[in-house]
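Structural description and commentary
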Amino acid sequence: MGLREAAILIGIVSASVCIALFGHIPALRHTPIGYIYRFFKRTLPHAILSTDKRLTGGAITGCLYDSGMFLATEKHPVIVIFYVFLITGGIGVFMLDSYAFLPARHQLLAPLICLLPYITLYKAIYSDPGTITPTNHSAAMTHYPFDHMLFFPGTTCRTCRFVKPARSKHCSICRRCISKMDHHCVWINNCVGRNNTLHFLAFLLATSLLLIYGAWQSAWVITQFVNSEIPPNYPKELIPWTDYITIWTSWMLDLPYTGSIFLLSLLTSLLAVGFTCYHLYLIYAGTTTNESSKWSDWSDDIRASLSYPSPTSPSAPPPPGIYIATKVPPEYAHLPPGLLSGNMAENERSARLEDKGSVNWPKRGEKYYARVEFPEETDERGEGWGGVLPKGEWGWERLEGLEPVENLYDLGFGANLKKVIWPDTV
Ligand SMILES: [Zn+2]
Ligand SMILES: [Zn+2]
């Protein structure tokens, strides 16, 4: 296999890794990465399934479907094996082909950097993400307050049969509820949650470091061959950089193993670094992949509602949208800040279920929100807001974006990071 074939293969591997890494990220929902991810996850399997049903009555896809369903819905180490195979192969080729050319200090450093992904992967696979059990359930209820925007008190997990703590989510693959669930990660065959975000982050950092280091050292080895062509006393500044790049590329082609490792680690390092930055950003913003998906839904609703113009007369019903108010009349003061339902009994129920005292969290919500549904979403009984905001002069303002909305779970980057490193500190 020449470098051209290797480059095509590396391109395909990098593109698949990119889609597998970033496809599920809510912020990329409306980008080609999100479209391709959903195409492979939903559209294509459904198309194949319905075509096969029409042609053979589903005979071919019957067994394929089972294995596809297994890969998509069961806990399995296929992607972990793929990862270990990829990095072990890459490290093996690098060690056999390029290691001997490295300077002594890098010959010492390289094995350490190569070991880190294995150690951190092991820790991430075997760490408990924060499984909620009947034993620790009451403690889990005290970790986070309900924000009444993304999480409401009183919802029950039908599988685990307990009231869901704020920020928790049931993982349908692991069949358990996870405290501060981020996402189920196929790269570590485990959930990422309250107790193992640090291990997951260490794994991402170790992988990024390995790939950057691999690209850097392969480039260094290729550069040594390029420099060996230049007479020792010839001033390098006199070589036009375009010529230098041409010589460099031709050496990369002449050293197919080092060249492949350079290209593979360079391309995949961009992905690994991008994904690491995304997870650092989530910590900075005090949120999780799961929560950012819920915030994206809010954002989509706000954007969609903005197509309804504001009413021209003050007596006209308010247009659909999310409304925000910073204060409420004293008779409503016992209601928890957050989203108020159109149904007063529902608000009272929320207030009753809220156990403010025992929650160990330094921040409490202060703003109130109301949602005026789209006319087509209001059912015939007039449930939903149906164009009415909660009574009284609350100074409701229609949101044009999520900026004024408070995120109860964001304590500032330093405190958020501290919670990731020591989840149990208060
Ligand atoms: Zn559950
Ligand atoms: Zn899981």
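Residues numbered from 1 in each chain as written. Chains lettered and ligands numbered in written order. Predicted model: local features only at pLDDT ≥ 70, side-chain atom pairs only at ≥ 80, totals over all residues.

So, the overall build of the protein
The following threshold applies: Strands are runs of DSSP state E lasting at least 2 residues, helices are runs of H or I lasting at least 4, and numbering of each runs from the N terminus. Three exposure classes are used, based on other C-beta atoms lying within 10 Å of a residue's own C-beta, which is placed from the backbone: buried for 20 or more, exposed for 12 or fewer, and partly exposed in between. Any two residues are considered in contact once their C-beta atoms, placed from the backbone, lie within 7 Å.
Scanning the protein from N- to C-terminus turns up 12 helices and 10 strands. Counting only C-alpha atoms, the protein reaches 85 × 60 × 55 Å along its principal axes. Counting only residues that meet the buried cut, the protein has 28% of its 426 residues in that class. Partitioning the intrachain contacts of the protein with sequence separation of at least 6 by distance along the chain shows that 68% fall at a separation of at least 24.

Side note on the UniProt feature "transmembrane region" (unreviewed entry) in the protein
Using the following cut-off: UniProt positions are given in the numbering used here, feature names are shortened, and annotations may be inferred rather than shown by experiment.
Mapped onto the present numbering, the UniProt feature "transmembrane region" (unreviewed entry) falls on residues 6–28, 78–102, 198–216 and 261–284. Secondary structure across residues 6–28 comprises 74% helix and 0% strand; the distance between its end C-alpha atoms is 29 Å.

Remarks on the pairing of strand β9 (residues 368–372)
Note on strand geometry: in a regular strand, side chains alternate between the two faces of the sheet. Keep this limit in mind: Strands pair, by our definition, only if DSSP identifies at least two bridges between them.
Counting buried residues in β9 gives 5 out of 5 residues, a clear majority hidden from the surface. Neither face of β9 is left uncovered, since the one carrying Y368, A370 and V372 and the one carrying Y369 and R371 both have all their residues buried. Pairing of strand β8 (residues 338–339) with β9, which is carried by 2 bridges, proceeds in the parallel orientation. Counterpart to G338 in the pairing with β9 is Y368.

Points about the nonpolar core
Heads up, the condition is: In this usage, the nonpolar core is the set of buried Ala, Val, Leu, Ile, Met, Phe, Trp, Tyr and Cys residues whose C-beta atoms join them within 7 Å.
Ranked by size, the top nonpolar core spans 42 residues in total, and within it I178, C185, I188, F200, F203, I222 and F262 carry the most contacts. Membership of the second largest hydrophobic core comes to 18 residues, among which are F151, A166, L340 and Y409.

Details of the sheet that holds β8
Think of a sheet as strands paired side by side through backbone hydrogen bonds, with each pair either parallel or antiparallel. Strand order in the open sheet formed by 4 strands is β8-β9-β7-β10, and the pairing between neighbours is mixed. A single partner strand is all that each edge strand has here, and the edge strands are β8 and β10 (397–398).

Considering unusual backbone geometry
In this structure, R175 is a non-glycine residue whose phi angle is positive, near 55 degrees. One can find R175 in the loop between β3 (169–171) and β4 (176–178). Given 11 C-beta atoms within a 10 Å radius, R175 is considered exposed. Positive phi, normally seen in glycine, also occurs at K180, with a value near 40 degrees.

Considerations on the environment of D410
Structurally, the position occupied by D410 is in the loop between β10 and α12 (413–421). Residue D410 is classed as partly exposed on the basis of its C-beta count, with 15 C-beta atoms lying within 10 Å. Between the C-alpha atom of D410 and that of I283, which follows or precedes it by 127 residues, the distance is 8.5 Å.

Observations concerning the environment of D66
Relative to the helices and strands, D66 resides in helix α3 (residues 59–73). A sequence separation of 44 residues divides D66 from A110, and the C-alpha atoms of the two residues are 42 Å apart.

Quick look at the packing of helix α1 (residues 3–22) against helix α9 (residues 256–285)
Filter applied, for reference: Axes, fitted as lines to C-alpha atoms, cover a helix only where it is in contact. Angles between the N-to-C directions of the axes lie from 0 to 180 degrees. Roughly parallel covers angles under 35 degrees, roughly antiparallel covers those over 145, roughly perpendicular covers 65 to 115, and oblique covers all other angles. By convention the crossing between two helices is left-handed if the near helix lies anticlockwise of the far one by an angle smaller than a right angle, and right-handed if it lies clockwise. Residue classes follow a fixed rule: Ala, Val, Leu, Ile, Met, Phe, Trp, Tyr, Cys and Pro count as nonpolar, while Asp, Glu, Lys and Arg count as charged, and any other residue, Gly among them, counts as polar.
The interhelical angle for the contact between α1 and α9, taken along N-to-C directions, is 15 degrees, at an axis separation of 10 Å. With respect to each other, α1 and α9 are oriented roughly parallel. As α1 packs across α9, the resulting crossing turns out to be right-handed. Residues L3, A6, A7, I10, S14, V17, C18, L21 and F22 of α1 lie in contact with α9, whose contacting residues are P256, G259, S260, L263, L264, L267, T268, L271 and F275. When grouped by side-chain class, the residues that make up the contact of α1 with α9 number 14 nonpolar, 4 polar and no charged.

Regarding the packing of helix α7 (residues 197–229) against α9
When two helices pack together, their arrangement is given by the angle between the helix axes and by the axis-to-axis distance. At their nearest, the axes of α7 and α9 sit 8 Å apart, and the two run at 150 degrees to each other. On the basis of the axis angle, α7 is roughly antiparallel to α9. Pair α7 / α9 crosses with left-handed handedness. Grouping the amino acids of the contact of α7 with α9 by side-chain chemistry returns 15 nonpolar, 10 polar and no charged.

Overview of the pairing of strand β7 (residues 321–325)
With respect to burial, β7 is a largely interior element, 4 of its 5 residues being buried. With 5 bridges connecting them, β7 and β9 associate as antiparallel partners. Bridge pairing links G321 to V372 in β9. Across 2 bridges, β7 lies against β10 in antiparallel orientation.

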